[in-house]
Amino acid sequence: MDVYISGVGMTKFGRSKEPLEKMMAEAGFSALRDAQLERADAIYLGVMNVEEFVGDSNFAALLVDTLGLAGVPSTRVETASSTGAGAFETAFYAVASGHMKHVLVLAGEKMTHLPTAKATRILSEAIDRSERRYGATMPALAAMIAQKYAQTFNLSPLKLEDILGQVAIKNHSNGTLNPYAQFRKTITKDDYLKSQMVSYPLRVYDCAPITDGASAMVLTSQPTPIRVSGIGHATDTSAMRHRTSFTSFNSTKEAAHKAYAMARLNPPDIQFAEVHDAFTPFEIIGTEDLGFFSAGEGWKALEEGATLLRGRLPINPSGGLKARGHPVGASGLAQLVEIVYQLRGEAGTERQLERAEIGLAHSIGGLGNNNLVTILERTDGKRILKAGTLPFEEGWNPDDQCETSVPKKSIPSPPLMGVGTLEAFTTLYAVPEGFRSPITLGLVKTGPGEVVMACNPDYRSPEPLKMGKKVSLKMQEGLYVFEKLTFWNRLKHWIEKLAH
């Protein structure tokens, strides 16, 4: 059964004094009014970590009580930072099954009342526990991905800095036109360069902010001008070190493949997209994983102006998570609300796109391991495949055939002392609770081929470190520690091998 959108609602994102349930109820009432409904057959809500952020549990019941809709079944969904999109997916299947006629989806998070270090620690709980025990945070892992991307595609540190700055500047510019955005101010290249380093090479302006906010949507089986034409969802390994690639997300590629197939569309048919940019490099990688550009070419499209608001493929016309804000539970649904505004022609004179008949939303959960892709389109639009698009019978496939990455459990654990290769690294300055700043972290490939997370507690400057170079690896107080490989630790390693 086809599923349509009949109503949307959203609060302004930013810092709010309102409790979370009231913010979400505000968005919910707006969506119900927009759909001309007083109640729904069911409610699906998304909040990522309401227990730790605000200290509440059984939030589905609390929200129904706040809405005054006692009797309506309410279910909470959680897929880390893609939770809003996950709640939407669950509601979609409830309507598509024919069991529900009108379903209300609500998503939100309240975060700004907590100290940054505590919020960072809560967000870091979505990271594999064996990696976060080193102090790894989302910015730290994203920084290592940025470094690896630059190395893989031969980008100098200055070039990488320039590209990431362009993403931030573009999305802040779009955000100035969005009345719901947390940041409605432009930034310059100088502003970007002066912003504080969070985790080398990512600065404050490379990271989406801590935000309060809520979004809502009503899905229905009754035809409306907007239809859900494709939806895809895929997961990957919890630990980043077990991935088959550090420069793309297989879960995005798999989810996109499913969404395109369901919609009977290919990447060139998408006219605009909301791409998950919790970190600026993720926007570049996302546009490649979604098939808009080839691997290593996304940054070139940005430089050419293709992804600007008036470019041939606008990316994040809302300002993205970077400027609109990132209340983690709400962002995935907020992206879809923006798609609806654009498809309806309700995005405002300055932000409204000229071509807005087919839009795509891409949401990342965790560190790229619980990702969703959703395609919405106008029901009165004409489908004309662009020249050069593959016939749908063949369809779009990611270049690596969406190979699922799995830990190579047959590989033995690395020795307590040895030599490895530095795959990626970062120095983290904004550390979670319980850690001293700064922390230098690295992904090190051992002789047997296993990748481990390691730290260098005595290192303070990332510049002398080089990816692809050999490092000394040892176990210290239960953690892997790496150091630059010198003549003396080479000699020590050689002597220990002889001793064994």
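Residues numbered from 1 in each chain as written. Predicted model: local features only at pLDDT ≥ 70, side-chain atom pairs only at ≥ 80, totals over all residues. Heavy atoms only, no water.

### Digging into the overall build of the protein
- Looking only at helices and strands, the protein features 15 helices and 16 strands.
- Within the protein, the fraction of its 500 residues that count as buried is 61%.
- Relative to all contacts within the protein whose residues are 6 or more apart in sequence, the contacts with residues 24 or more apart total 77%. (Helix = DSSP H or I, 4+ residues; strand = E, 2+ residues; numbered from the N terminus. Buried < 20%, exposed > 50% of the residue type's maximum accessible area, 1.4 Å probe, protein only. Contact = heavy atoms within 4.5 Å.)

### Description of the side chain of Gln335
- Looking at where Gln335 falls in the secondary structure, it is placed in helix α14 (residues 331–344).
- Judged by relative accessible area, Gln335 falls into the buried class, the value being 1%.
- Leave out the neighbours within four places in its chain, and Gln335 touches Glu274, Val275, His276, Leu321, Arg324, Ala361, His362 and Ser363.

### Some details on the environment of Gly298
- Residue position: Gly298 is located in helix α12 (residues 298–303).
- On the accessibility criterion, Gly298 (2% relative accessible area) is buried.
- Distance in space between the C-alpha atoms of Gly298 and Glu283 is 8.6 Å, their sequence separation being 15 residues.
- Excluding residues within four positions of it along the chain, Gly298 makes contact with Tyr149, Ile284, Thr287, Glu288 and Phe293.

### Concerning the packing of helix α1 (residues 20–34) against helix α3 (residues 59–67)
- The interhelical angle for the contact between α1 and α3, taken along N-to-C directions, is 60 degrees, at an axis separation of 9 Å. Taken together, α1 and α3 sit at an angle that is classed as oblique. Pair α1 / α3 crosses with right-handed handedness. On α3, the residues touching Leu20, Glu21, Met24, Ala25 and Phe29 of α1 are Phe59, Leu62, Leu63, Thr66 and Leu67.
- Residues belonging to the contact of α1 with α3 are distributed by class as follows: eight nonpolar, one polar and one charged. (Axes fitted to C-alpha atoms, helices over the stretch in contact; angles between N-to-C directions. Parallel < 35°, antiparallel > 145°, perpendicular 65-115°, else oblique. Left-handed = near helix turned anticlockwise from the far one by under 90°. Nonpolar A, V, L, I, M, F, W, Y, C, P; charged D, E, K, R; others polar.)

This is a description of form; function is not addressed.
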